[in-house]
Amino acid sequence: MDFALPLVGFTVGILIGLTGMGGGSLMTPILVLVFGVSPSIAVGTDLLYASVTKCAGVWVHSRHGSIRWNIVGLLAAGSVPSAILTVFLLKKLMSLGIDYDRFITLVLSVALILTSIVLVFKSAGHPSEKSNTLNSITGVFRHHRGLFTVLAGVIVGILVTLSSVGAGVLGAAMVLFLYPRLPIIAIAGTDLAYAVPLTAIAGLGHLQIGNVDYALLGALLIGALPGTYLGSHLGNRLPDRVVRPILAACLFAVGIRFVF
């Protein structure tokens with residue numbers, strides 16, 4: 001076993017626990033660019049990795065009452081069916097002998113760059129505190145907020161299944177937009193909770209088509225589980241303004257690297 005893998009799992013696990021995001025955005029590019037794992041295997045393995053590690057974060061957040069289960073249900077209503085349909089699409093492509101690694105790489109690059117931009121805007125602060133304009137825009141959707149939440153889940157479900165990126169950052173951004181008065185800690189907890197079934201279903205779909213490396217998954221989880229538990233407890237101590245700009249810069253750089 002490459003002993004660097006548990007260390008990577010531990011480091012990314014801490015970030016997941018701290019912010020509720022960063023798992024797919026960082027782990028998949030690291031596996032592809034550093035360890036030479038094929039994009040399809042990296043995505044499938046990372047999805048199962050994320051589903052397990054996020055469970056630890058959900059357990060901590062649920063103890064603190066920072067999960068809005070009604071929002072979790074709406075997001076899951078959109079993301080779970082779209083993830084299943086996307087898995088069937090990937091299976092169809094494989095049966096036709098189409099190599100979709102390059103397609104996944106392209107989706108990864110776009111998702112990473114968009115994710116970095118989202119993080120930069122989020123680092124500016126909570127919209128309920130600093131953006132009256134955003135509050136006015138979201139007010140237009142308040143009568144149909146449930147429907148838009150389900151549609152947000154559909155979008156994230158497709159993106160996550162294709163690239164393993166988006167369950168954390170893009171999901172949190174959509175919750176932040178649709179529910180601007182929700183506390184940041186509740187956004188992180190809610191984001192983690194709905195991401196667990198989404199990443200699990202998408203990961204099991206990739207497992208069925210042979211896109212999971214069990215040895216790689218086990219090595220990552222050895223470090224990830226204690227890392228996520230530790231990060232969840234440290235979340236209230238390390239300010240977002242420190243973590244988000246660094247993560248945004250890394251994601252943007254990796255996204256550009258994938259393009260070329």
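Residues numbered from 1 in each chain as written. Predicted model: local features only at pLDDT ≥ 70, side-chain atom pairs only at ≥ 80, totals over all residues. Heavy atoms only, no water.

Bringing the environment of Arg 145 into the picture now. On the secondary structure map, Arg 145 appears in helix α8 (residues 145–163). With a relative accessible area of 25%, Arg 145 lands in the partly exposed category. Taking C-alpha positions, Arg 145 is 6.7 Å from Leu 178, a pair spaced 33 residues apart along the chain. Here Leu 178 takes part through its backbone oxygen, which lies 2.8 Å from a polar atom of the side chain of Arg 145. (Helix = DSSP H or I, 4+ residues; strand = E, 2+ residues; numbered from the N terminus. Buried < 20%, exposed > 50% of the residue type's maximum accessible area, 1.4 Å probe, protein only. Polar contact = N/O pair within 3.5 Å; in protein donor to acceptor, adjacent residues only side chain to side chain.)

What follows is about the side chain of Thr 190. Along the chain, Thr 190 falls in helix α10 (residues 184–208). Under the relative-accessibility criterion, Thr 190 is labelled buried at 0%. In terms of polar contacts, Thr 190 uses its side chain to reach the backbone carbonyl oxygen of Ala 186, at 2.7 Å. Those residues in contact with Thr 190, other than ones at most four positions away along the chain, are Ser 66, Ile 67, Arg 68, Ile 71 and Val 72. (Contact = heavy atoms within 4.5 Å.)

Our next topic: a nonpolar patch on the surface. A cluster of nonpolar side chains, contributed by Leu 106, Val 110, Leu 114 and Ile 117, occupies part of the molecular surface with about 330 Å² of accessible area. Tracing the backbone through its elements, the reader meets Ile 117 in helix α5 (residues 101–122). (Patch = residues over 30% accessible without salt bridge, like charges linked within 9 Å, V, L, I, M, F, W, Y side chains within 5 Å. Areas by Shrake-Rupley, 256 points an atom, 1.4 Å probe, with all protein chains shown as cover. Salt bridge = Lys/Arg side-chain N within 4 Å of Asp/Glu carboxyl O.)

As enumerated under the stated definition, the model contains one aromatic pair in all. Taking the centre distance of 6.2 Å and the plane angle of 25° together, the rings of Trp 59 and Tyr 229 count as stacked. Residue Trp 59 is located in helix α3 (residues 39–63), and its partner Tyr 229 is located in helix α11 (residues 214–234); the two are separated by 170 residues in the primary sequence. (Phe/Tyr/Trp six-rings, centres within 6.5 Å; stacked < 30°, edge-to-face > 60°.)

Glancing now at the nonpolar core. Residues Met 27, Leu 31, Tyr 49, Val 175, Leu 182 and Leu 220 are the most contacted members of the largest nonpolar core, which totals 43 residues. Taken together, the elements giving at least two residues each to this core come down to α1 (4–19), α2 (23–33), α3, α4 (69–95), α8, α9 (169–178), α10 and α11. Looking at this core element by element, the count peaks at eight residues for α10. Filtering out sequence-adjacent residues up to four positions away, Leu 220 remains in contact with Leu 5, Gly 9, Met 27, Leu 31 and Tyr 49. Of all hydrophobic cores here, the second largest spans six residues; its members include Leu 90, Val 107, Leu 162 and Ile 209. (Core = buried A, V, L, I, M, F, W, Y, C linked by side-chain atoms within 4.5 Å.)

Per-residue pLDDT for the protein chain has a mean of 77; in total, 71% of the residues score no lower than 70. Looking over the protein chain, one finds the lowest element-wise mean pLDDT in helix α6 (residues 127–130), namely 46, and the highest in α4, namely 88. Across residues 126–131 the pLDDT falls below 50, and counting only partners more than four positions away or on other chains, this stretch makes 16 contacts in the model. (pLDDT = per-residue confidence, 0-100.)

Here α3 spans 36 Å end to end across 25 residues, near enough to the 36 Å set by a 1.5 Å rise per residue. Taken across its 25 residues, α3 has 19 buried, putting it largely inside the fold. Backbone geometry just downstream of α3 places Gly 65 in the positive-phi region, at approximately 70°. (Expected span 1.5 Å × (residues − 1).)

Here we take up the packing of α4 against α10. Close contact between α4 and α10 brings their axes to 9 Å; oriented N to C, the two are set at 15°. By the criterion of interaxial angle, the relationship of α4 to α10 is roughly parallel. In terms of crossing hand, the pair formed by α4 and α10 is right-handed. Here α4 contributes Trp 69, Ile 71, Val 72, Leu 75, Ser 79, Val 80, Ala 83, Ile 84, Val 87, Leu 90 and Lys 91 to the contact with α10, which in turn contributes Thr 190, Ala 193, Tyr 194, Leu 198, Ile 201, Ala 202, Gly 205, His 206 and Gln 208. (Axes fitted to C-alpha atoms, helices over the stretch in contact; angles between N-to-C directions. Parallel < 35°, antiparallel > 145°, perpendicular 65-115°, else oblique. Left-handed = near helix turned anticlockwise from the far one by under 90°.)

Helix packing for two helices is described by the angle between their axes and how far apart those axes are. In the contact formed by α3 and α10, the axes pass within 7 Å of each other and the chain directions differ by 145°. Between α3 and α10 the crossing geometry is left-handed. Of the residues assigned to the contact of α3 with α10, the class counts are 15 nonpolar, nine polar and one charged. (Nonpolar A, V, L, I, M, F, W, Y, C, P; charged D, E, K, R; others polar.)

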